[in-house]
Amino acid sequence: MGTLWFWIVAFMLTVYTVLDGFDLGVGIVYLLVARTEQDRRKAMHAIGPVWDGNEVWLIAGGGTLFFAFPLLYASSFSGFYLPLTIVLWLLILRGLSIELRAHTHDKVFASLFDTSFALSSAILAIFFGAALANVVRGVPIGADDYFFLPLWTNWRTGPNPGILDWYTVIGGILALLALAQHGLLYLSLKTSGDLNARTTAWAKKLWPIVLAVTLASVPATIIARPESLAHYRQHGVAWLAPAAVITGIAIIAVSLARGWEWRAFLGSCLYLAAMLVGAAAGLYPVVLPSVGTAGHDITIDRALSGPHTLHVGLVWWSFGITLAIIYTITVYWLFRGKVPEHAAGYGH
Amino acid sequence: MDALTLHRIHFAFTITYHYLFPQLTMGLALLIVVMKTVALRTSDEEKRERYDVAARFWARIFAVNFVLGVVTGIPMEFQFGTNWSEFSRRTGGVIGQPLAMEGVFSFFLESAFLGLLLFGEKRISRPLHWFAAFMVFVGSWISGFFIIVTDAWMQHPVAYKLLPNGVYEVTSFWGLLMNPWAWIQYAHNMSGAVITGAFVVAATGALYLLQNRHTEYGRIYVKVGVIAGVISCITQIFPTGDMHGKYMAKHQPIAVAGMEGLFHSEAGAPMVLMGQPDVENQTIDNPLVVNKVLSFLIYGTTKAEVKGLDQFPKNDWPGALPLLFYSYHIMAGLGTYFVSLMAIAAFLMWRGTLYSTRWVLWPLMLSFPLPYIANTAGWMTAELGRQPWLVYGLLRTSEGYSKHVGAGTSLFTLLGFLGMYSVLSILWIVMVYTAIQKGPHAPVVDAGHDGHTLTTA
Ligand code: HDD
Ligand code: HEM
Ligand code: HEM
């Protein structure tokens, strides 16, 4: 039961990353590739009807984590208090920027919201990457199963790490680059003309960099958390994840060369999903590793809710998530195809 | 201030702010369905067009409030973990369930169908567009239900057991969802949301009529607002408010004593209409009372004894007694005013003179902030009355907060939210005001080519 719920939560957070990842990515590259008012409207139009639904995967995933693993939710959310609160502020800023951008006809304000949209998206990507890296590296859990992480200390991993150290910064940069690539490929899929040409050109430059940082993250992880290698050795199937990561990048590279927009985007989806699944596999059956000596790893078994909760949970969750997937597919289908060349602003 | 107090203010401020948006969207969603239904069913071409435009206008306002509801709602979901970690650890197996269901069952549904409602009018058939509006309504009302189930469990825990590791678990899923407290609270709360929606719609209509512009829409809005208003204002007091009070007297008698400012038990207890509680001397200053009414309202007889605060140990008293007393009286006082105003308006509408009776249109226009105050006061009553318990009878508020998050850190993020939300308030007012100024006929921009139709507010 515990393993099942571990993968359910991992699944929801992976879907969140793949879906919201592209609209965050559009934000990251927005100022870079969307130069004219027309381009910016098109870029906004490409994510307008879907970004809110994408974000729901985070909320629903968080809720599922809450009831399936209350201890994990309690310990990690209070321990990461400050960075999480900053994430919330950034989410507010970003949501508003998108909305207000659509409502304003004033050039000065439009460029203000453009900038806040791009900045909040980029910083969010860095935070998400760093957060994941924190979980992989481990946190100084105390005897009472709680911890509190300062934002930074001496930038070193070890028994008293901060949210930001050399390892988690790599995580943040990798997330920034990977989501930027995801956003570029999505935009090239959804647009035509100049914007399409520019996004494709940038994507071609970016993929080797993403590949290089991805490869660099492997020895970094082994240094920061040697146990992850042992986890991989124990569970042979886990090696499929890194294999899929490499396949994903290969698909992107080949598709970009041939001009296959769809396949390039799907390659990027595969890459992101495999990265997350790989991280989860490296943790399993731990959900929050401990560094230092005071406390113990938080494992699936320790964090798990009572059996009845999980049994009924499985019933409604399967039902509800099926509906959610149907809605998601329907919305994407209704707004399929490229954004029209002379798109008016997205807005209500 | 100590960490506990700051965490409490943190939660209270962010939730009170969040609820400004859902109370309107939940009420408005219903009224939009009403307008879309009229448009769908009429065979009169002109009337149909008018009601469609009328509904489209409110869908735009809905969208603005929806986005603000979303961005202020996400912090709520996170705050259980960040600020109330011990509470989350112990009760997550119970309250995490309805919270997760809210996400899975209603937020997906709402966001998908809202997209259709706003962008799909030209792409889908009329009945399907009506259906989109209907589903947005269903989604927002389901969302309200799950959140109330969560709160009701904290007010009146049912269907749980304590596991050996100190964590609570659900023993019966249906028991949790069928918590009688939840259904009573839900009925009262949703009726309150309809009041907010009705007052806002009616106020906009009254504004147009007073300004003598968009008058054909002004009439529709006043009509829809007043009909919905008169019904919901009555259901707010009877049966829902009445039931709520009686159920509480049974299960949280101490909170009722605090709400009513009843320091000493009394047979034939009076109802205090107005007054200022003096906790130190345990009296009410400058009281304005009606004899025996309280006993009658709770037990149906003027003789029954109502338990006062003196029946309970002092460390079980709700901490903020005066605030609890005022919140309750503000809610009930406003409720009385709402019924009177709406009844007069409905009477004049029936006589056919409402649209030109300025002395009623004026208060209709000016009263729209009051339901927000009444709803907030109602929640303050509920939440302050529950103190000092976080989960009534099971977990004290002082045991539930995040012990590792210091007072300074909590103050820092509280100030951050205060700043952030001040900016949000300004934007919100500007956006809604501009939409209302532009009126229902704001241009509909057609993106052409493939039928993407976008409306700009
Ligand atoms: C427009 C809003 C509004 C109005 C006019 C009223 N209420 Fe109310 N009331 C609410 C909005 C509200 C609320 C915000 O919706 C609450 C908070 C929790 C809940 O479920 O509903 C609430 C709670 C609430 C409670 C429960 C408090 C608790 O749980 O501790 C009682 C006993 C009443 N109400 C009683 C009344 C009575 C007797 C009213 C009539 C005069 C009345 N309310 C008018
Ligand atoms: C819009 C409606 C609501 C308002 C205005 C509101 C208001 C408040 C207030 C004023 C407090 C502080 C009480 C005190 O510390 O003395 C509080 C606390 C709290 N409320 Fe609510 N509340 C609302 C809805 C909810 C709901 C739906 C939930 C549950 C899902 C909830 C859960 C809590 C929790 C966990 C606390 C902190 C612990 C405590 O102080 O008891 N509230 N709320
Ligand atoms: C009286 C209490 C509450 C009611 C009735 C309520 C209702 C709603 C509704 C109807 C929405 C949909 C958005 C909208 O229409 O504006 C919403 C949004 C949201 N609420 Fe609340 N809420 C309450 C309190 C809370 C609390 C305590 C939480 C924390 C768990 C919360 C979390 C959220 C979240 C995360 C969203 C955004 C969801 C989205 O993406 O659509 N709400 N709320």
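Residues numbered from 1 in each chain as written. Chains lettered and ligands numbered in written order. Predicted model: local features only at pLDDT ≥ 70, side-chain atom pairs only at ≥ 80, totals over all residues. Heavy atoms only, no water.

### Re the overall build of chain A
- What chain A contains, in helices and strands, is 13 helices and two strands.
- Relative to the compact-globule value of 20 Å for 348 residues, chain A shows a C-alpha radius of gyration of 20 Å, a close match.
- Among the 348 residues that make up chain A, the fraction classed as buried is 62%.
- Excluding contacts between residues fewer than 6 apart, the proportion of contacts in chain A whose partners are at least 24 apart in sequence is 79%.
- Carbon and sulfur atoms make up 73% of the accessible area of chain A, which amounts to about 13000 Å² in all.
- If the 20 positive side-chain charges of chain A are averaged to one point and the 18 negative ones to another, these points end up 10 Å apart. (Helix = DSSP H or I, 4+ residues; strand = E, 2+ residues; numbered from the N terminus. Rg over C-alpha atoms; globule rule 2.2 N^0.38 Å. Buried < 20%, exposed > 50% of the residue type's maximum accessible area, 1.4 Å probe, protein only. Contact = heavy atoms within 4.5 Å. Areas by Shrake-Rupley, 256 points an atom, 1.4 Å probe, with all protein chains shown as cover. Lys, Arg positive; Asp, Glu negative; His and termini not counted. Charge placed at Lys NZ, Arg CZ, Asp CG, Glu CD.)

### Topic: the overall build of chain B
- For chain B, the helix and strand inventory stands at 14 helices and 10 strands.
- In summary, chain B has a C-alpha radius of gyration of 23 Å against a globular reference of 23 Å for 457 residues, a match within 12%.
- Over its C-alpha atoms, taken along the principal directions, chain B stretches across nearly 70 × 50 × 40 Å.
- The buried share of chain B, reckoned over its 457 residues, is 60%.
- Sequence separation of at least 24 residues holds for 75% of the intrachain contacts in chain B that already meet a minimum separation of 6.
- A total accessible area of about 17700 Å² is found for chain B, and carbon and sulfur atoms account for 67% of it.
- Averaging the locations of the 29 positively and 27 negatively charged side chains of chain B gives two centres separated by 7 Å.

### Describing the coordination of the iron atom of ligand 1
Residues and elements named next belong to chain B.
- Note on the iron atom of ligand 1: its protein donors are H188 (NE2) and M331 (SD). The metal-donor distances range over 2.1 to 2.3 Å.
- Classification of the site at the iron atom of ligand 1 as octahedral follows from its six donor atoms and the range of 81 to 180° in their angles at the metal. You can see H188 sitting in helix 6 (residues 180-211) and its partner M331 sitting in helix 10 (residues 321-351), a full 143 residues away along the chain. (Donors = N, O, S within 2.8 Å, 3.2 Å for Na, K, Ca; no water. Tetrahedral: all angles 85-135°; square planar, octahedral: opposite > 155°, others 65-115°.)

### Considering the environment of B:L297
Residue and element names in this part refer to chain B.
- With respect to the secondary-structure elements, L297 resides in helix 9 (residues 293-299).
- On the accessibility criterion, L297 (38% relative accessible area) is partly exposed.
- L297 sits 51 residues away from K246 along the chain, and the two C-alpha atoms are 8.0 Å apart.
- Those residues in contact with L297 that sit more than four places away from it in its chain are D242, K246 and M271.

### Examining the coordination of the iron atom of ligand 3
- Among all protein atoms, only B:H18 (NE2) binds the iron atom of ligand 3, sitting 2.2 Å from it.
- Position of B:H18 among the secondary structure elements: in helix 1 (residues 3-41).

### What about a nonpolar patch on the surface?
Residues and elements named next belong to chain B.
- On the surface, L273, M274, L288 and V290 cluster together into a nonpolar patch covering about 360 Å² of accessible area.
- If you list the elements that add at least two residues to the nonpolar patch, you get strand 4 (271-278) and strand 5 (283-290).
- Tracing the chain through its elements places L273 in strand 4. (Patch = residues over 30% accessible without salt bridge, like charges linked within 9 Å, V, L, I, M, F, W, Y side chains within 5 Å. Salt bridge = Lys/Arg side-chain N within 4 Å of Asp/Glu carboxyl O.)

### Remarks on the pairing of strand 5 of chain B
All names here are of chain B.
- Pairing of strand 4 with strand 5, which is carried by six bridges, proceeds in the antiparallel orientation. Paired with V272 across the strands is V289, a residue of strand 5.
- Hairpin connection of strand 4 to strand 5: four residues between the antiparallel strands, including Q282 at a positive phi of 55°. (Pairing = 2+ DSSP bridges.)

### A few points about the packing of aromatic side chains
- Applying the stated rule across the entire model yields 58 aromatic pairs over all chains.
- Between A:Y30 and A:F117, the aromatic rings sit 5.1 Å apart at their centres with planes inclined by 80°, giving edge-to-face as the arrangement. Pair noted here: A:Y30 is in helix 1 (residues 2-33) and A:F117 is in helix 6 (residues 107-137), with a separation of 87 residues, a long-range link.
- Residue A:Y30 is classed as buried on the basis of its relative accessible area of 1%.
- Through a chain of ring-to-ring contacts, three or more aromatic side chains come together here, namely A:W5, A:F67, A:W316, A:W317, A:F319, B:F105, B:F145, B:F146, B:W183 and B:Y186.
- One residue, A:R263, lies across the ring of A:W260, its end atom 4.2 Å from the ring centre. (Phe/Tyr/Trp six-rings, centres within 6.5 Å; stacked < 30°, edge-to-face > 60°. Lys NZ or Arg CZ within 6 Å of the ring centre and 35° of its normal.)

### A closer look at the interface of chain B and chain A
- Tallying the contact residues gives 72 residues for chain B and 64 residues for chain A.
- With both chains or domains summed, chain B and chain A bury close to 6200 Å², and 76% of this area falls on carbon and sulfur atoms.
- Contact with chain A buries surface across chain B, with B:F78, B:F108 and B:H404 losing the most and accounting together for 12% of the total.
- Where chain B touches chain A, the interface holds zero salt bridges. (Buried area = accessible area lost by both parts, 1.4 Å probe.)

### Re the site of ligand 2
Residues and elements named next belong to chain B.
- In the vicinity of ligand 2, 21 residues are found, and the nearest of them are R8, Y19, E383, R386 and Q387.
- Those elements giving two or more residues to the shell around ligand 2 turn out to be helix 1, helix 4 (126-155) and helix 12 (369-386).
- Take the shell around ligand 2: its biggest share by element is six residues, from helix 1.
- Residue composition of the shell around ligand 2, by class: 13 nonpolar, four polar and four charged. (Near = heavy atom within 4 Å. Nonpolar A, V, L, I, M, F, W, Y, C, P; charged D, E, K, R; others polar.)

### Topic: the side chain of B:T240
All names here are of chain B.
- Within the secondary structure, T240 sits in helix 7 (residues 215-251).
- Reaching out from T240, the side chain makes a polar contact with the side chain of H188 at a distance of 2.9 Å.
- Discounting chain neighbours no more than four positions away, the residues touching T240 are I184, A187, H188 and T235. (Polar contact = N/O pair within 3.5 Å; in protein donor to acceptor, adjacent residues only side chain to side chain.)

### What to know about the nonpolar core
- In this structure, A:F69, A:W316, B:M35, B:W58, B:F87, B:Y221 and B:L364 are the most contacted members of the largest nonpolar core, which totals 259 residues.
- If one sorts the elements of this core by residue count, helix 2 (residues 45-83) of chain B sits on top with 19 residues.
- One finds A:A133, A:V136, A:A224 and A:A279 within the second-largest nonpolar core, a separate group that totals six residues. (Core = buried A, V, L, I, M, F, W, Y, C linked by side-chain atoms within 4.5 Å.)

### Concerning the pattern of salt bridges
- A full pass over the atoms with the stated rule returns 22 salt bridges over all chains.
- The partner of A:R101 in a salt bridge is A:D114, and the shortest N-O contact between them spans 2.5 Å. Here the residue A:R101 occupies a position in helix 5 (residues 81-103), and A:D114 occupies one in helix 6, the gap between them amounting to 13 residues.
- Given a relative accessible area of 3%, A:R101 falls into the buried group.
- Exposure remark for A:D114: the relative accessible area of 2% places this residue in the buried category.
- With its nearest N and O atoms 2.9 Å apart, the salt bridge here joins B:R126 to B:D52. Here the residue B:R126 occupies a position in helix 4, and B:D52 occupies one in helix 2, the gap between them amounting to 74 residues.
- A relative accessible area of 35% places B:R126 in the partly exposed class.
- Three or more residues are tied together by salt bridges with common partners; here these are A:E37, A:R40, A:R41, A:R101 and A:D114.

### Here's the deal with the confidence of the model for chain B
All names here are of chain B.
- Averaged over chain B, the pLDDT score is 89; the fraction of residues at 70 or greater is 96%.
- Taken element by element, chain B is modelled with least confidence in strand 10 (residues 453-455), mean pLDDT 36, and with most confidence in helix 6, mean pLDDT 96.
- Low pLDDT (under 50) marks residues 444-457, which in the prediction has 46 contacts with non-local residues, meaning those over four places away or in another chain.
- Taken over the whole predicted complex, pTM reads 0.90, whereas the ipTM for its chain interfaces reads 0.85. (pLDDT = per-residue confidence, 0-100.)

### A few points about the site of ligand 1
Residue and element names in this part refer to chain B.
- Neighbouring ligand 1 are 22 residues; Q185, H188, Q236, M331 and N375 lie closest to it.
- Within the side chain of H188, one N or O atom sits 2.8 Å away from a nitrogen atom of ligand 1.
- When contributions to the shell around ligand 1 are tallied by element, the ones reaching two or more residues are helix 6, helix 7, helix 10 and helix 12.

### Digging into helix 10 (residues 240-258) of chain A
Residues and elements named next belong to chain A.
- The terminal C-alpha atoms of helix 10 lie 26 Å apart, and with 19 residues this matches the ideal 27 Å at 1.5 Å per residue to within 8%.
- Within helix 10, the full set of buried residues consists of A241, A244, V245, G248, I249, I252, A253, S255 and L256.
- Those residues of helix 10 that are buried are in contact with helix 7 (166-190), helix 8 (193-224), helix 9 (227-234) and helix 11 (261-283).
- Phi for G259, located one or two positions after helix 10, is positive at around 80°. (Expected span 1.5 Å × (residues − 1).)

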